[in-house]
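Topology and contacts: notes
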Amino acid sequence: MTNPAFIGGDWGTSRLRLFLCDEAGRVQARAEGPGAAAGDCARGFAEATAQWDSKLPAILSGMVGSTIGWREVPYLKSPLPLEQLASGALRFEAEGRQIAILPGLSCRNKSGMPDVMRGEETQLAGALRLGRSLGRGRRLFCLPGTHAKWVEVVDGAVTQFQTTVSGELFDLLAKHSVLARDGGTAQADSPAFQQGLKAAREHREAGLLHLLFSTRSRQLAGEIAKDQAASYLSGLIIGEDVAAAEALFHLDGPVTLICTPALAALYQVPLSQYGALVLDGEETARAGLLSAYRSLFAA
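Residues numbered from 1 in each chain as written. Predicted model: local features only at pLDDT ≥ 70, side-chain atom pairs only at ≥ 80, totals over all residues. Heavy atoms only, no water.

**Observations regarding helix H9 (residues 281-296)**
Between its terminal C-alpha atoms H9 stretches 23 Å, which fits the 22 Å expected from 16 residues at 1.5 Å a residue. Extensive coverage of H9 is indicated by the burial of 12 of its 16 residues. Within the span of H9, buried status applies to Gly281, Glu282, Thr284, Ala285, Ala287, Gly288, Leu289, Leu290, Ser291, Ala292, Tyr293 and Leu296. Here H9 starts with a cap whose side-chain oxygen sits 3.1 Å from the backbone nitrogen of Glu282, and that cap is Asp280. (Helix = DSSP H or I, 4+ residues; strand = E, 2+ residues; numbered from the N terminus. Expected span 1.5 Å × (residues − 1). Buried < 20%, exposed > 50% of the residue type's maximum accessible area, 1.4 Å probe, protein only. Polar contact = N/O pair within 3.5 Å; in protein donor to acceptor, adjacent residues only side chain to side chain.)

Here it is as structure tokens:
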């Protein structure tokens with residue numbers, strides 16, 4: 001095992017993931033802690049890293065740099081070359097350790113609305129490090145999650161992005177509505193998921209709000225089983241998410257998915273006509289944090 005060189009942190013609203021890494025970015029140890037929403041980030045970080053060398057620098061990304069985080073870091077405006085991301089980091093010292101919190105990105109999206117991201121920009125920087133060809137030409141990325149991001153990258157620079165609440169909407173409706181409560185989990189190979197995708201594609205004129213109730217009515221009509229309701233609901237929401245991205249970004253080639261394997265399996269189905277490259281969300285985050293470490297701390 002090689003000596004650790006830095007601590008990388010992916011710090012979201014509800015969860016902190018820390019990686020003790022060597023100079024090459026290989027993980028030597030892991031730790032977890034409360035998300036930024038829990039408050040007192042300084043204490044949470046100190047407790048999570050108590051067993052690690054206090055002289056090692058730490059590079060953190062995500063909601064730790066938001067208004068609810070440790071320290072607020074201003075957004076960098078798009079278009080922005082991802083190789084310049086670390087230039088906007090906020091650096092300070094905490095209990096003798098050098099800390100750098102990476103900035104998020106802001107833009108005026110395809111709908112003409114202000115849009116922001118925190119954490120995904122680090123994953124995108126890591127994706128370009130892992131797949132060098134992704135930094136050439138026009139590329140479209142999709143980062144599914146609670147607030148999914150569709151991101152256009154041209155020659156390594158984020159030019160524009162659009163946020164959807166697809167994951168949060170699914171979670172709320174599946175757990176707190178009559179549509180799909182106790183309706184199982186969303187499965188990409190479920191016939192009901194395919195039915196949901198088909199309904200979203202063939203009845204776009206109705207709009208998602210009108211289609212959502214069919215999750216309930218099709219159960220009552222015996223067209224989908226109760227334990228397949230979550231799959232159908234997921235198909236409706238993901239189908240609408242992808243259809244909107246097709247219209248906004250004029251899809252004409254492969255989409256790079258950055259997420260968990262479970263989410264990738266769901267999104268790959270409606271994206272099959274374009275092709276999809278899948279990158280692991282944690283791996284891209286670590287690669288992005290390594291890039292930032294080398295920019296900020298490595299000799």
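Back to the write-up after that little detour.
**Details of the state of the cysteines**
Summed over the entire model, instances satisfying the criterion amount to zero disulfides. Its sulfur unpaired, Cys41 is 20 Å from the next cysteine sulfur, which belongs to Cys21. Since its relative accessible area comes to 5%, Cys41 is described here as buried. Cysteine Cys142 is unpaired, with the sulfur of Cys259 as its nearest cysteine sulfur at 7.1 Å. (Disulfide = S-S within 2.5 Å.)

**Quick word on the packing of aromatic side chains**
What characterises a pair of aromatic rings is the spacing of the ring centres plus the angle enclosed by the ring planes. Within the structure shown, the criterion is met by six aromatic pairs. With a centroid separation of 5.5 Å and an interplanar angle of 45°, the aromatic rings of Phe45 and Trp70 are classed as tilted. A residue pair is termed long-range when its members are at least 10 positions apart, and Phe45 in helix H1 (residues 41-48) and Trp70 in the loop between strand E4 (58-62) and strand E5 (76-77) qualify at 25 residues. A relative accessible area of 4% means that Phe45 is categorised as buried. With a centroid separation of 6.4 Å and 25° between ring planes, the pair formed by Tyr293 and Phe297 is classed as stacked. The exposure class of Tyr293 is buried, given its relative accessible area of 5%. Aromatic ring contacts, followed pair by pair, group Trp11, Phe45, Trp70 and Phe92 into a single cluster. Above the ring of Tyr75, the side-chain terminus of Arg118 is found at 4.1 Å from the ring centroid. (Phe/Tyr/Trp six-rings, centres within 6.5 Å; stacked < 30°, edge-to-face > 60°. Lys NZ or Arg CZ within 6 Å of the ring centre and 35° of its normal.)

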